[in-house]
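Letter by letter, the chains look like this.
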Amino acid sequence: MAEARHSRTSGAGFGDAVDGTLLLTGEVNCKGKGHQLHLTHRGLRLVPSSDPTDRAGATAPSVAVVDVTWRDVVCACEAPVKKSKSLLRQSNAEVPDSSQSNVFVLHYIDRNQKTNKLRCRNVTLEAMQGHADRWITHIEEKRKEGKPERLLVVINPIGGKGTARQTFAKRVQPLFLLAGVEVIVKVTERAKHAVEIAKTFAVSSVDGVISMGGDGLYMEILHGLTLRKQEEEGVDYNDPDAKLIPPTVRVGIIPAGTGNGVSGWFNGVIDMDTATLNIIRGEIKRTNIFSIHEPEKLIHYAGLLFGNGFFSKLIKRTDELRWMKRARYPYAVLGSVVGKKKILQFNIDVLKKEGGPNTKEGEKPAAEASSTKWMSLGTKGMTAAMTFVAKIVEGEELLEMNPFYPGFDLILLNRASPVETLKFMYSFFSRKKDGLHQEFVEWIPDIVGMRFEVADQREEGVTARERTEVMDLCRLLDVDGELMAMSGSKCDIRLHPQFLQVFCVPSLYSHDEKAET
């Protein structure tokens, strides 16, 4: 084992970059065979000691057993086990006691390139020279850089299948313990309890606040953290034009709710182990949020979506059917689609970016880098409006959403038959591109704000009672899957781009950096 600070590795994954400079290299035993273990500024690589040869006698390049960056190293720890028989024969040595063990276990993260799922793997290694503690010390020092050490985890015990607390103990906490992450757990006891926790907990004492639940719990946490920061800084958060100050603490999501869309955005897949391991990896990016206002009053902050009309009615119906548990969702969708959909009249304005340079993720958001201008869409008769805190991107095969892009898209649904509505919902929520290209769908891309004002409901053949029901429905809002109501007739939604620091996989969105349609 040698410290080699000026030589370079030549294997795949390291190349000739400066971060490929060797920190430590040496021979280890893995599954009874000799291997070379290389530690560099970039990461760790384990390769067979002797290069295999092909049938013609030519030397083939070594295939790494493990080749990971430090982000993907969970930990290295001593394993007090006996030496392999091969090494005992070579050294003629006695089996060491556990305090002087030369055997250690490397835990690392493995990514499935097709599914984006992460899993924690391990390999047992035996130092051929010296003790394991030297390897462990070097690995532990490097793998901890830039990663969270202390986290607050907020758990919704009744979300989803109602097993979040038990699942945390069985699947999530063991991974945090393995990575040496200290965890403080808070279990919500009532509605909006997570808002209270986010507003009162000493977040400066932790490296992140983790939501273990669904989209609704994430919304409560971001709302509490954002509102708290504005109060601390003296920002008039009731003013939609106010410049909000982002919370300094990072936020993560472990999917354990009924709706887990945000976790899917951040991790590329809805998977509990993947989300946990991405938090351990510690990579962050700033995601968008909405602020939703009435005149001179903040209604709420949102981290997923805003909707009204048909979608608000759908959320109301699912709330009424909570006794059906998860079965209430398909039942409510079918009932809402088959029933007569009300036409809602709104005066709509959108805030568009006007000129200015292209904005890349991580740079100054486009809403600030270029001027903006309000544009009137006029009075719209529609069954619903829906928008996400993300740009809709038409990929080669499927729709994708980028919550890190400094702009969002508005979708308006006009009158459609039950079959057409069902087809749209199935197509859009299964990410098929044809859903947005139906005649009854209006897609307004790349905006940074919008205003809805309830207009006179003058549809012919509507009774006074039906008109009252329509007015009531106009005031119902779907905010991240939670039902909220306006007290008046006006609503103002603003995007705060690249605002909240979240644990995620930034590379998932590297293909769509420019802020232009």
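Criteria and thresholds
- Residues numbered from 1 in each chain as written.
- Predicted model: local features only at pLDDT ≥ 70, side-chain atom pairs only at ≥ 80, totals over all residues.
- Heavy atoms only, no water.
- Helix = DSSP H or I, 4+ residues; strand = E, 2+ residues; numbered from the N terminus.
- Polar contact = N/O pair within 3.5 Å; in protein donor to acceptor, adjacent residues only side chain to side chain.
- Contact = heavy atoms within 4.5 Å.
- Axes fitted to C-alpha atoms, helices over the stretch in contact; angles between N-to-C directions.
- Left-handed = near helix turned anticlockwise from the far one by under 90°.
- Nonpolar A, V, L, I, M, F, W, Y, C, P; charged D, E, K, R; others polar.
- Pairing = 2+ DSSP bridges.
- Buried < 20%, exposed > 50% of the residue type's maximum accessible area, 1.4 Å probe, protein only.
- Salt bridge = Lys/Arg side-chain N within 4 Å of Asp/Glu carboxyl O.
- Core = buried A, V, L, I, M, F, W, Y, C linked by side-chain atoms within 4.5 Å.
- Phe/Tyr/Trp six-rings, centres within 6.5 Å; stacked < 30°, edge-to-face > 60°.
- Lys NZ or Arg CZ within 6 Å of the ring centre and 35° of its normal.

Where an unreviewed UniProt entry is consulted, the protein chain appears under the name DAGKc domain-containing protein, with the organism given as Littorina saxatilis.

Chemist: Quick question: what am I supposed to make of the side chain of His300 here?
Modeler: With respect to the helices, strands and loops of the structure, His300 is situated in strand E13 (residues 297–302). A distance of 3.3 Å separates a polar atom in the side chain of His300 from a polar atom in the side chain of His223. Residues contacting His300, with those up to four places away along its chain left out, are Lys192, Met219, His223, Phe290, Ser291, Ile292 and Met484.

Chemist: What is the right way to look at unusual backbone geometry in this model?
Modeler: Negative phi characterises most residues that are not glycine, and trans characterises most peptide bonds. Positioned with a positive phi, Arg431 is a non-glycine residue whose angle comes to about 70°. Tracing the backbone through its elements, the reader meets Arg431 in the loop between helix H11 (418–429) and strand E21 (441–454). For Asp446, which is not glycine, the phi dihedral falls at a positive 55°.

Chemist: Got a minute to help me understand the packing of helix H4 (residues 193–200) against helix H5 (residues 215–233) in this structure?
Modeler: The relative placement of two packed helices is expressed as an angle between their axes plus a distance between the axes. Here H4 crosses H5 at 35°, and the two axes come no closer than 7 Å. Pair H4 / H5 crosses with right-handed handedness. Together, His193, Ala194, Val195, Ala198, Lys199 and Thr200 of H4 and Leu217, Glu220, Ile221, His223, Gly224, Leu225, Leu227, Arg228 and Glu231 of H5 make up the contact between the two elements. When its residues are assigned to classes, the contact of H4 with H5 shows seven nonpolar, four polar and four charged.

Chemist: Sorry, what's going on with the pairing of E21 here?
Modeler: Walk down a regular strand and you will see the side chains alternate between the two sheet faces. Two strands pair when backbone bridges link them, and strand E15 (residues 344–354) and E21 are joined in this way by seven bridges, in the antiparallel orientation. Across the sheet, Val350 pairs through a bridge with Met450, a residue of E21. Summarising the sheet, strand E20 (residues 408–413) and E21 pair through five bridges and their orientation is antiparallel. Pairing of Ile411 across the sheet is with Trp443, part of E21. In the sheet, E21 pairs with strand E24 (residues 490–503) via five bridges, with the strands oriented antiparallel.

Chemist: Help me out: how do you make sense of helix H7 (residues 272–281) in this one?
Modeler: Helical geometry note: an α-helix holds 3.6 residues per turn, so side chains three or four residues apart project in the same direction. Counting buried positions along H7 yields ten of ten residues, so the element is predominantly enclosed. Backbone geometry just downstream of H7 places Gly282 in the positive-phi region, at approximately 85°.

Chemist: What am I meant to see in the pattern of salt bridges here?
Modeler: Side chains carrying opposite charge are able to pair once their charged atoms draw close together. A full pass over the atoms with the stated rule returns 22 salt bridges. For Asp110, the salt bridge goes to Arg121, with nearest N and O atoms at 3.7 Å. Remark: Arg121 occurs in strand E7 (residues 118–127) and Asp110 occurs in strand E6 (residues 103–111); sequence separation between them is eleven residues. Judged by relative accessible area, Arg121 falls into the partly exposed class, the value being 39%. The closest approach of N and O atoms between Glu196 and Arg190, which form a salt bridge, is 2.7 Å. For Glu196, a relative accessible area of 36% corresponds to the partly exposed category. The network of salt bridges with shared partners includes Asp241, Arg451, Asp492 and Arg494.

Chemist: Can you help me understand the environment of Lys316 in this one?
Modeler: Considering the arrangement of structural elements, one finds Lys316 in helix H8 (residues 310–320). Sequence separation between Lys316 and Gly481 is 165 residues, and the spatial gap between their C-alpha atoms is 9.7 Å. In this structure Lys316 touches Leu476 and Leu483, once residues within four positions along its chain are discounted.

Chemist: Whenever I open this one, the nonpolar core confuses me. Can you help?
Modeler: Nonpolar side chains in soluble globular proteins generally cluster together in the buried interior. Ranked by internal contacts, the top residues of the largest apolar core, which has 90 residues, are Ile292, Leu410, Phe424, Phe428 and Phe452. Ranked by residue count, the leading element in this core is H5, at seven residues. Residues in contact with Leu410, not counting those within four places in the same chain, are Ile348, Val350, Ala385, Met386, Thr387, Glu442, Trp443, Ile444, Ile447, Met450 and Phe452. If you look at the next biggest cluster of nonpolar residues, it comprises 23 residues, including Leu118, Phe168, Leu175 and Phe176.

Chemist: For this particular structure, what's the right way to read the side chain of Asn29?
Modeler: Inspection of the secondary structure assignment puts Asn29 in strand E1 (residues 22–30). Within the local environment of Asn29, its side chain forms a polar contact with the backbone nitrogen of Lys33, the two atoms lying 3.3 Å apart.

Chemist: Would you mind going over the environment of Val47 with me for this structure?
Modeler: Within the element layout of this structure, Val47 appears in strand E3 (residues 43–48). For Val47, a relative accessible area of 7% translates into the label buried. For Val47 and Leu37, which are ten residues apart along the polypeptide, the C-alpha to C-alpha distance reads 6.6 Å.

Chemist: Looking at this structure, how should I read the sheet that holds E6?
Modeler: Strands belonging to one sheet form pairs held by backbone hydrogen bonds; the direction of such a pair is parallel or antiparallel. As summarised here, the arrangement of the seven strands in space is E4-E3-E2-E1-E7-E6-E5, forming an open sheet in which the pairing is antiparallel. Each edge of the sheet is formed by a strand with only one pairing partner; in this case those strands are strand E4 (66–69) and strand E5 (73–78). Within this sheet the neighbouring strands show an average axis-to-axis angle of 30°, counted without direction. Most of the contacts of helix H2 (residues 132–143) go to E5, to which it runs at about 155°, and overall it touches E1, strand E2 (33–40), E3, E5, E6 and E7.

Chemist: When you look at the packing of aromatic side chains in this model, what are you seeing that I'm missing?
Modeler: Between two aromatic rings, the relevant description is the distance of the centres plus the angle of the planes. In this structure the tally under the stated criterion is 13 aromatic pairs. Between the aromatic rings of Phe424 and Phe440, the centroid separation amounts to 6.4 Å while the plane-to-plane angle is 75°, which identifies the pairing as edge-to-face. Residue Phe424 is found in helix H11, and its partner Phe440 is found in the loop between H11 and E21; the two are separated by 16 residues along the sequence. Exposure remark for Phe424: the relative accessible area of 2% places this residue in the buried category. A centroid spacing of 5.2 Å and a plane angle of 90° characterise the contact between Phe428 and Phe429, whose relative ring orientation is edge-to-face. Relative accessible area serves as the criterion here: at 4%, Phe428 is assigned to the buried category. Residue classification places Phe429 among the partly exposed positions, given a relative accessible area of 48%. The structure contains a cluster of three or more aromatic residues connected by ring pairs, namely Trp265, Phe388, Phe424, Phe428, Phe429 and Phe440. Above the face of the Tyr405 ring, Lys391 is positioned so that its terminal group lies 5.1 Å from the ring centre.

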